[in-house]
Amino acid sequence: MEGHTSFTRETFAAFAANDRPGPVHLLNLIRLRHEVAYADGRITTGAEAYEAYSRLSAPVLAEIGGRIVWRGAFELSLVGPPETRWDIAFIAEYPSPGAFVQMLRDPRYREAMAHRQAGVADSRLVRFDPLLAGTGFAG
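Definitions and cut-offs
- Residues numbered from 1 in each chain as written.
- Predicted model: local features only at pLDDT ≥ 70, side-chain atom pairs only at ≥ 80, totals over all residues.
- Heavy atoms only, no water.
- Axes fitted to C-alpha atoms, helices over the stretch in contact; angles between N-to-C directions.
- Helix = DSSP H or I, 4+ residues; strand = E, 2+ residues; numbered from the N terminus.
- Parallel < 35°, antiparallel > 145°, perpendicular 65-115°, else oblique.
- Contact = heavy atoms within 4.5 Å.
- Nonpolar A, V, L, I, M, F, W, Y, C, P; charged D, E, K, R; others polar.
- Core = buried A, V, L, I, M, F, W, Y, C linked by side-chain atoms within 4.5 Å.
- Buried < 20%, exposed > 50% of the residue type's maximum accessible area, 1.4 Å probe, protein only.
- Salt bridge = Lys/Arg side-chain N within 4 Å of Asp/Glu carboxyl O.
- Pairing = 2+ DSSP bridges.
- Expected span 1.5 Å × (residues − 1).

### Remarks on the packing of helix α1 (residues 9–17) against helix α3 (residues 97–105)
For the pair α1 and α3, interaxial distance at closest approach is 8 Å and the crossing angle is 135°. By the angle between their directions, the pair α1 and α3 is classed as oblique. Facing F12, F15 and A16 of α1, the residues of α3 in contact are P97, F100, V101, L104 and R105. The residue inventory of the contact of α1 with α3, partitioned by class, reads seven nonpolar, no polar and one charged.

### Some remarks on the nonpolar core
Counting 23 residues, the largest nonpolar core has Y50, Y94, F100 and M103 as the members making the most contacts within it. Contributing elements (two or more residues each) for this core: α1, β1 (24–32), α2 (46–63), β5 (88–94), α3 and α4 (107–119). With five residues, α3 is the largest single contributor of residues to this core. In contact with Y50, not counting residues within four places along its chain, are I30, L32, I88, F90, H115, R116 and V120.

### Thoughts on α3
All buried positions along α3 are accounted for by P97, A99, F100, V101, M103 and L104. Structurally, α3 contributes buried residues whose contacts are with α1, β1, α2, β5, α4 and β6 (120–128).

### Quick notes on the pattern of salt bridges
Between side chains of opposite charge, a pair can form as their charged atoms come close. A full pass over the atoms with the stated rule returns eight salt bridges. For R67, the salt bridge goes to E93, with nearest N and O atoms at 3.0 Å. Separated by 26 residues along the polypeptide, R67 in strand β4 (residues 67–72) and E93 in strand β5 bring together distant segments of the chain. Given the relative accessible area of 46%, R67 is considered partly exposed. A salt bridge links R85 to D87; the shortest N-O distance between them is 2.8 Å. Via salt bridges that share partners, R31, D122 and R124 belong to a single interconnected network.

### Some points on the sheet that holds β4
The pairing of strands in a sheet comes from backbone hydrogen bonds and takes either a parallel or an antiparallel form. If you walk across this open sheet you meet the four strands as β4-β5-β1-β6, and the pairing is antiparallel. Bordering the open sheet on either side are β4 and β6, each of which pairs with just one other strand. In this sheet, neighbouring strand axes are inclined to one another by 20° on average, regardless of whether the strands run parallel or antiparallel. With five bridges connecting them, β4 and β5 associate as antiparallel partners.

### Examining α4
Relative to the 18 Å expected for 13 residues at 1.5 Å per residue, α4 spans 19 Å between its end C-alpha atoms, a close match to the ideal helical length. Burial in α4 covers these residues: Y109, A112, H115, R116, A118 and G119.

### Here's the deal with the pairing of β5
Of all seven residues that make up β5, six are buried, and the element is covered over most of its length. In this sheet, β5 lies alongside β1 in antiparallel orientation, the contact comprising seven bridges. Across the sheet, the residue bridging to L27 is I91, located in β5.

Have a look at this one:
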């Protein structure tokens, strides 16, 4: 069974259309493939493919003013299917929704995406408008 590894044209259009001012946070939850077979015959792991994606995309992320604001190591799923696990979890911050769109259109980033698509078995990418932290769960 294949998971979610990319967005639809409609979802991307909705994301791009909401180019409000200010930063945007994207929660990334990634489950990697155990083995990856590239079209050229190379065999590697999902972790190695995702590392190549990370290495190649990092300069583009930095150039558009993006950064990783939180990273965590998965331990346990308290709510939800107990078998659900994520190999990689982080929140990326972009200066604006338009900056994220700019990154996706960069040819170097598009080249890096081939490794992400190869290595990722399932993922979630959830957009948030960052709010001030507080002491209560509701804000």
